[in-house]
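A look at the structure
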Amino acid sequence: MISIQAQNGISFNSASKVFRIDGGDVSYVFGINNLDELQPIYWGARLGTRDGFPQPHTNRGHASFDLPTGTTPQEFAGWGAGLYMEPALKITFPDGDRDLVLHYVSQRIEGDVLAIRLKDIERDVFVDLRYEMDPATGILGRSANIENRTSAPLVIEQAAAATWTLPRGTNYTLDSLTGRWSGEDQLQQEAMHQGARILESRRGSTGHQNDPWFAIERAHTNDQDAGDVWFGALAWSGSWRITVEQDMLNQVRVTGGYNPFDFGYKLNPGESLATPVFYGGYSSSGIGGASRLLHRFELTRILPQRPDPRPRPVIYNSWEATEFNVTESGQEELAEKAASIGVERFIVDDGWFGQRKDDHAGLGDWYVNQEKFPHGLKPLIDKVHSLGMDFGLWVEPEMVNPDSDLYRKHPDWVLNFAGRPRTEGRNQLVLNLARPDVRAYVFGFLDKLLTENDIAFLKWDYNRNWSEPGWPAVAPDEQKQVYVKYVDNLYGILRELREKHPKVEIESCSGGGGRVDLGILRYTDEVWPSDNTNPFDRLTIQDGFTYAYTPGVMMAWVTESPSGPNHASLSTEYRFLSSMQGGLGVGANLNHWQPDDFAAARHLIEEYKQIRETVQQGSLYRLISPRNGSEHSVTESVSVDRSQAAVFAFLHTSQFGYPFPLLYLRGLDPKAEYRLHWITAKPGGNLPEVATGAYWMNAGLSVNLDGDYQATAFRLDRVQAP
Ligand code: GLA
């Protein structure tokens with residue numbers, strides 16, 4: 001037996017033709033089967049170093065209706081030869097042939113990357129699969145590059161990044177995140193059955209409705225922190241699709257990549273198309289363990305400031321206070337008040353530019369409005385700096401109002417079908433960023449803005465989805481490339497801006513959480529999860545959000561009360577504690593605040609600064625979920641070195657007056673001693689001042705919350721050994 005052991009956890013056994021990739025607590029194994037197809041073998045808990053597998057062999061068909069092509073999972077299947085399951089790649093050739101059968105050709109190992117080359121059995125269509133394992137978390141990044149080396153153009157009708165294959169079994173639960181504007185990230189859990197479940201966006205961007213994330217739990221055995229979970233996240237901010245299917249023999253496969261709906265990418269001879277990366281991982285510590293792995297992975301491998309992102313500063317944003325009515329003096333007054341409570345970054349939102357009085361005009365005209373800021377932004381920025389804060393600004397670069405100088409000059413710059421109506425959303429149209437001139441314009445004005453002003457932060461908004469996604473300036477058979485080229489240019493602009501202005505941080509916002517995914521997170525430091533800032537609603541949104549994304553990017557503002565769709569009146573303390581579970585901001589109208597509010601805010605912001613690293617970058621444990629109408633909810637965050645924990649507890653309504661459930665903390669060092677510190681006024685909980693991790697995790701802690709909309713929080717600090 002010849003066995004090539006390569007570096008970095010990748011190995012290939014040339015006798016059994018089996019590849020194995022190890023990372024974290026995970027092993028991922030696949031091989032070249034008897035037909036030269038790439039066949040998955042194993043994905044799960046890490047195996048013994050010497051464990052091996054025989055060469056994979058195609059499965060038997062099922063009667064004459066399900067051929068081996070369909071019953072045998074592949075790593076990356078072309079649509080051809082009787083495949084009825086979701087293909088990874090589907091191509092139409094100019095002669096009308098649509099058969100694609102991909103066979104193994106060769107492999108390369110470059111550093112951490114295993115690259116496998118596949119080729120159609122006859123045509124010169126090559127596919128390079130890329131596997132990159134994160135040694136710390138065991139999260140594997142998979143993508144494909146499709147190359148046309150034939151002598152004629154072809155059309156790619158469907159291109160996935162990867163197919164993930166789960167151990168054959170029937171008792172799975174699928175977790176996904178669904179939502180809508182102002183109600184994002186609702187966790188759905190459903191039993192899996194035969195058939196396909198589609199998670200997708202056809203909107204041109206990620207969307208509020210589905211997140212490009214899934215988790216599959218082995219049902220009946222799992223709870224929050226125990227049991228097998230396979231999960232994945234697609235790094236793409238355009239139209240996407242993840243198909244989760246359980247076939248007729250109860251084999252589960254998950255295929256994700258570009259959304260094939262309205263897709264049709266013309267590939268000329270010599271050209272290639274790269275897919276997004278589909279990340280996948282496995283945890284034996286339940287869905288909580290899965291999200292902790294993803295959080296760690298995002299912080300250390302995805303975010304622009306990886307592997308050690310700066311914690312988010314405490315921000316003030318005046319949007320909910322002033323809406324479009326921003327003025328130099330009004331903003332300065334708010335800035336003074338914000339500085340007085342410990343805010344570190346002051347952000348001017350919509351309304352500062354062009355003829356922007358409301359949402360009917362101005363988008364596209366990125367000059368400072370002279371009436372509102374007669375001397376430009378400089379006096380305000382200087383004032384903000386003199387108060388010890390840095391300065392941030394809202395932009396919505398990809399949009400244009402028909403009532404703007406830009407649109408009057410360039411009506412052809414928007415997505416449109418020639419001669420057809422242009423459907424507006426919020427009175428705006430989408431600029432076609434795939435066009436080189438639009439890309440140059442957008443980069444140009446942002447670069448100028450950042451060069452001429454001392455700006456530390458951009459809130460990059462995107463307030464509608466596509467309609468009429470036409471691109472009349474290019475040939476009809478090239479128009480559909482817009483689905484890929486638009487997003488590539490968006491990423492390109494963000495990348496170049498960051499290179500040229502390395503100190504500038506960026507937030508991804510799309511009417512709240514409409515563009516949150518691991519693709520945009522490579523270029524943005526934080527996101528705005530929802531326009532819904534009601535602190536009670538936020539508990540559920542934040543709970544769902546953190547299944548896929550780290551609290552380190554989850555901005556949360558304290559706003560007015562009553563607020564949100566249910567107009568609930570909530571105490572300043574409750575509002576702060578809800579927001580302190582992510583990146584803290586204040587968005588209330590400080591001109592309405594009383595001395596008591598300022599005092600409470602000053603105190604809680606000071607407390608927040610003591611725990612923010614733990615909350616943003618530590619390990620999150622969901623002790624009690626707010627979902628499904630739960631009366632209670634509790635989160636605990638533990639710092640990476642386990643020296644600190646922060647606990648937030650909320651009571652919705654104490655129906656029948658039952659006591660708050662006992663809390664059992666997790667993730668502490670059982671032997672170390674921790675000292676209790678109340679963040680809020682002590683609610684009379686029966687807690688010791690100092691106790692071991694073992695005590696905090698096992699004794700059962702009581703916090704005495706009763707009434708409606710109550711909240712409390714405390715932290716534990718490890719006592720230094722004398
Ligand atoms: C979107 C954002 C808000 C605010 C407005 C401004 O809705 O999500 O936070 O910036 O746009 O128009």
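Each chain has its residues counted from 1, running along the sequence as written. Whole-chain, interface and lining totals are the exception, using all residues; otherwise, since this is a predicted model, local features are given only for residues with pLDDT of at least 70 and side-chain atom pairs are given and counted only at 80 or more. In computing side-chain values, all of the structure's heavy atoms are included and hydrogens and water are not.

1. Considering the pattern of salt bridges
For the record, the criterion: A carboxyl oxygen of Asp or Glu within 4 Å of a side-chain nitrogen of Lys or Arg is what we treat as a salt bridge. Partly exposed describes any residue whose relative accessible area lies between the buried limit of under 20% and the exposed limit of over 50%, with all areas from a 1.4 Å probe on protein chains only and scaled to the type maximum. The helix count covers DSSP runs of H or I at least four residues long, the strand count covers runs of E at least two residues long, and both are numbered beginning at the N terminus.
One pass over the structure, following the stated rule, counts 48 salt bridges. The salt bridge involving K119 is made with D124; its shortest N-O contact spans 3.7 Å. Relative accessible area serves as the criterion here: at 18%, K119 is assigned to the buried category. In this structure D124 comes out as partly exposed when scored by relative accessible area, which is 34%. Put simply, R515 and E398 hold a salt bridge, and the shortest N to O gap is 2.7 Å. With R515 in the loop between β28 (505-508) and β29 (526-527) and E398 in the loop between β24 (390-395) and β25 (399-400), this residue pair connects regions lying 117 residues apart in the sequence. Among the residues examined, R515 registers a relative accessible area of 2% and is labelled buried. The buried category is assigned to E398, whose relative accessible area is 0%. The network of salt bridges with common partners includes R310, R312, R345, D390, E505 and E526.

2. Considerations on the packing of helix α4 (residues 328-340) against helix α5 (residues 378-386)
As a reminder, the rule being used: Axis lines are fitted to C-alpha atoms, over the contacting stretch for helices. Their N-to-C directions set the angle, which ranges from 0 to 180 degrees. When describing relative orientation, an angle under 35 degrees is termed roughly parallel and one over 145 degrees roughly antiparallel, while 65 to 115 degrees is termed roughly perpendicular and anything else oblique. Whether two residues touch is decided by their heavy atoms; if any such pair falls within 4.5 Å, the residues are in contact. Here the nonpolar group is Ala, Val, Leu, Ile, Met, Phe, Trp, Tyr, Cys and Pro; Asp, Glu, Lys and Arg are the charged ones; every other residue, Gly included, is treated as polar.
At a minimum axis separation of 10 Å, α4 and α5 run at an interaxial angle of 10 degrees. It follows from the interaxial angle that α4 and α5 lie roughly parallel. Here E328, Q331, E332, A335 and E336 of α4 come into contact with α5, specifically with P379, L380, K383 and V384. Considering only residue class, the contact of α4 with α5 consists of four nonpolar, one polar and four charged.

3. Details of the site of the ligand
The following threshold applies: Near, as used in this document, describes a residue that has one of its heavy atoms within 4 Å of the molecule or strand being considered. Distance and chemistry together define a polar contact, namely a pair of N or O atoms within 3.5 Å, with one atom able to donate a hydrogen and the other to accept it when in protein, and with adjacent residues in sequence counting only for side-chain atoms on both sides.
For the ligand, the set of nearby residues contains 13 residues, the closest of which are D349, D350, K459, D461 and D531. Taking D350, its side chain carries an N or O atom lying 2.6 Å from an oxygen atom of the ligand. Between the ligand and K459 there is a distance of 2.7 Å, counted from an oxygen atom to a side-chain nitrogen or oxygen. Class assignment of the residues belonging to the shell around the ligand gives a composition of four nonpolar, three polar and six charged.

4. Quick word on the packing of aromatic side chains
Formally: The criterion for an aromatic pair is that two Phe, Tyr or Trp rings (for Trp, the six-membered ring) have centres within 6.5 Å, with stacked assigned to planes under 30 degrees apart, edge-to-face to planes over 60 apart and tilted to the rest.
As enumerated under the stated definition, the model contains 41 aromatic pairs in all. Considering the side-chain rings of Y28 and W164, the 5.9 Å spacing of their centres and the 85 degrees angle between planes classify their relative orientation as edge-to-face. With Y28 in strand β4 (residues 26-32) and W164 in strand β11 (residues 154-165), this pair connects stretches of sequence that are 136 residues apart. W164 shares its class with Y28; the two are buried. Summarising the aromatic geometry, the rings of Y172 and W230 are spaced 6.0 Å apart at their centres and angled 85 degrees between planes, so their arrangement reads as edge-to-face. Taken together, the positions of Y172 in strand β12 (residues 172-178) and W230 in strand β16 (residues 229-235) put the pair 58 residues apart, joining distant regions of the chain. Of the two residues, Y172 and W230, neither departs from the other in class, the shared state being buried.

5. What about the environment of G195?
Structurally, G195 is set in strand β14 (residues 195-201). Residue classification places G195 among the partly exposed positions, given a relative accessible area of 37%. In this structure G195 touches V244, E245 and Q246, once residues within four positions along its chain are discounted.

6. Brief notes about the nonpolar core
Definition in use: Buried Ala, Val, Leu, Ile, Met, Phe, Trp, Tyr and Cys residues that are joined via side-chain atoms within 4.5 Å together make up what is termed a nonpolar core.
Formed by 150 residues in total, the largest nonpolar core has its most connected members in I156 and W352. Per-element tally for this core: the top contributor is helix α8 (residues 482-500), with ten residues. For W352, the residues in contact, after removing those within four places along its chain, are V326, W366, Y367, V368, N369, F373, L377, L393, W394, V395 and L449. The next biggest cluster of nonpolar side chains, apart from the first, holds 28 residues, and it includes A215, L294, Y549 and V553.

7. Re unusual backbone geometry
With an omega of 0 degrees, the peptide bond between R306 and P307 qualifies as cis. Here the amide bond leading from S561 into P562 is cis, since omega sits at -5 degrees, within 30 degrees of zero. As for its placement among the helices and strands, P562 is situated in the loop between β30 (555-558) and α10 (572-579). Residues other than glycine seldom take positive phi values, yet K17 does so here, at roughly 60 degrees. Tracing the chain through its elements places K17 in the loop between β2 (10-13) and β3 (18-23). In this structure, E468 is a non-glycine residue whose phi angle is positive, near 40 degrees. Counting through the fold element by element, E468 comes out in the loop between β27 (457-460) and α8. Judged by its relative accessible area of 17%, E468 falls in the buried class.

8. Here's the deal with α10
Counting buried residues in α10 gives seven out of eight residues, a clear majority hidden from the surface. By the burial criterion, the buried members of α10 are T572, Y574, R575, F576, L577, S578 and S579. Next to the buried residues of α10 lie α9 (535-548), β30, β31 (583-586), α11 (595-617), β34 (644-653) and β37 (708-718).

9. What about the pairing of β37?
The condition that has to hold: DSSP calls a pair of strands paired once it identifies at least 2 bridges connecting them.
As paired strands, β34 and β37 are joined by nine bridges and run antiparallel to one another. In the strand pairing of β37, Q644 is matched with D717. Sheet topology note: the strand β35 (residues 673-678)/β37 ladder contains five bridges and is antiparallel. Paired with Y674 across the bridge in β37 is R718.

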